[in-house]
Each structure stands twice: as C-alpha cells, then as structure tokens.
Amino acid sequence: MALSFGRLARPAGLGLAVALGATLCAGVTTQASAATETSATNAAAPRAKLYELVTKDGGFFYTASASERNTAVSRHGWKVTRTPLYYISRKPFPGGKPIYRLRWTKKASYIVTASPAERERLTGTGRFRDDGVMGYAPASASAGGDVEVFRLTGKNRWRLAIASHTRKILANEPGWKLDGQLLYQFGQAG
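It should be emphasised that the depicted structure is a prediction, and the values quoted were computed from it without experimental measurement. (Residues numbered from 1 in each chain as written. Predicted model: local features only at pLDDT ≥ 70, side-chain atom pairs only at ≥ 80, totals over all residues. Heavy atoms only, no water.)

K.L.:
What is the right way to look at the nonpolar core in this model?
P.N.:
Where a protein is soluble and globular, its nonpolar side chains tend to be buried together. Judged by nonpolar contacts, the single largest core of 20 residues is most densely connected at L50, Y62, I99, V112 and L160. Every element with two or more residues in this core is listed here: β3 (60-63), β8 (128-138), β9 (147-153), β10 (158-162) and β11 (177-185). Apart from the residues within four sequence positions on either side, I99 is in contact with I88, V112, T113, G132, V133, M134, G135, Y136, A137 and L183. In terms of nonpolar packing, the next biggest core, distinct from the first, is built from seven residues, Y51, F61, A108 and Y110 among them. (Core = buried A, V, L, I, M, F, W, Y, C linked by side-chain atoms within 4.5 Å. Buried < 20%, exposed > 50% of the residue type's maximum accessible area, 1.4 Å probe, protein only. Helix = DSSP H or I, 4+ residues; strand = E, 2+ residues; numbered from the N terminus. Contact = heavy atoms within 4.5 Å.)

K.L.:
Can you walk me through the side chain of R103 in this structure?
P.N.:
Residue position: R103 is located in strand β6 (residues 96-104). Here R103 is buried and forms no salt bridge, its nearest opposite-charge partner D57 lying at an N-O distance of 5.2 Å. A distance of 3.3 Å separates a polar atom in the side chain of R103 from a polar atom in the side chain of Y110. (Lys, Arg positive; Asp, Glu negative; His and termini not counted. Salt bridge = Lys/Arg side-chain N within 4 Å of Asp/Glu carboxyl O. Polar contact = N/O pair within 3.5 Å; in protein donor to acceptor, adjacent residues only side chain to side chain.)

K.L.:
What am I meant to see in the pattern of salt bridges here?
P.N.:
Where charged atoms of side chains with opposite charge meet at close range, the side chains can pair. Applying the stated criterion across every chain yields a total of ten salt bridges. Its salt-bridge partner being R151, residue E118 comes within 2.9 Å of it at the nearest N-O pair. Placement of the pair is E118 in helix α3 (residues 116-124) and R151 in strand β9, with a sequence separation of 33 residues. Comparing E118 with R151, the two get one shared label, buried. Two residues, R151 and D179, come together in a salt bridge whose shortest N-O distance is 3.0 Å. Here the residue R151 occupies a position in strand β9, and D179 occupies one in strand β11, the gap between them amounting to 28 residues. What makes R151 buried here is its relative accessible area of 0%. A single network of salt bridges, built from pairs that share partners, joins E68, R101, R129 and D131.

K.L.:
Would you mind going over the environment of S115 with me for this structure?
P.N.:
Counting through the fold element by element, S115 comes out in the loop between β7 (110-113) and α3. S115 sits 15 residues away from Y100 along the chain, and the two C-alpha atoms are 7.9 Å apart.

K.L.:
Explain the sheet that holds β11 to me, please; I cannot follow it from the model alone.
P.N.:
Strands belonging to one sheet form pairs held by backbone hydrogen bonds; the direction of such a pair is parallel or antiparallel. Pairing in this open sheet of three strands is antiparallel, and the strands run β10-β9-β11 from one edge to the other. Two strands in the sheet have a free side with no partner beyond their single neighbour: β10 and β11. Within this sheet the neighbouring strands show an average axis-to-axis angle of 30 degrees, counted without direction. Relative to β11, β9 is paired through seven bridges, and the arrangement is antiparallel. Bridging from a neighbouring strand, T153 pairs with K177 of β11. Across the sheet, helix α4 (residues 163-172) lies against β9, β10 and β11, angled at about 130 degrees from β10, the strand it touches most. (Pairing = 2+ DSSP bridges. Axes fitted to C-alpha atoms, helices over the stretch in contact; angles between N-to-C directions.)

Right under this line is the structure:
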C-alpha cells in the first residue's frame, strides 16, 4: 500500500462521529452471526503487528506494515505510541473481515473501520479518502479473536484501543467518546 501524506484542500465538517457508532456494531456482527465458524481460523497467517502513530497534525495513523511505520517516522516525523495493540492477518481467512483505513482530507488524521457500509458512506462525503485494506481481523471471538478493540472519537481524531486502554483514555484524556467495539485481534503473532 503506498503512503500518501499530502494535504488536500477540501473542507471537512465536524460531528461525523454521531452516525458512526451504529455502523461499528453492524460491521462487527455481520460475519459473527454465521453459526458454522470454526476455531480453526486461529491458524490464519501470516500475522502482522498493528502499530499506532501520532501525526504532526495530532491525528492517529494505523499500519500493520513495519516499513510503512518506519517511513512515517523517518520521512514525516510521526511518533510511534505505546498504545497496546496486537496482531491482524495480512491475508483473508475464513471467519475474517477486512479492516479499512481512511484518511480525513483536511489533515493527517485517519479512521479505521471494519464496516464496508461506513467506508462507503464516509468516502462518499468527499471528506475521507480510502487508503484501502490494512489487513484482516477475526469477525468474532469464535473466529480466533482473542482481544477486543474499540474505537474512540475526539475532535476530528479517531483512536483504536483494547478494553483496558479504552478505560484509561476515557478516564484521563478529556474529549474522547467511545464509538463502540470495532474488531477483534489475535493476541499472538501465530
């Protein structure tokens, strides 16, 4: 996936997070309702660590590519955070779903979604550009997901966090709102 960090001049409205919460849950449960999922998906490979970086604009950027992370740090001065995140699959697998990364066109701030409907709605506004599929995550715990990941929204920034870190963010960093559960991750590299 190519990096593109240039600024675009389109105006972006505020308050998009209001409509996002319902879509998050819909994206998580779509495949989870399939009764035939097996725990064999634990073998989904190859897995990649998910990284969170802070952009110079104060937004958050996510990647499962070590080379993309290194480029963001060396060329653009972005900082890798200590946010505890785990592993996603680089390739599709039974019981998995794609994870999409979208860039807000006003500044370097990114939103991650597992919902194709949310991706279409946001890119359709012209306020977000689709960066493509970042990787694949278990659609449910029974599909191999060990770790729940939640999305938070605050001041045109979007974050991912596991449950314990979500609680810390909400308690200690004013301005963040919980959108809801977004996806599952693998707890181990596999």
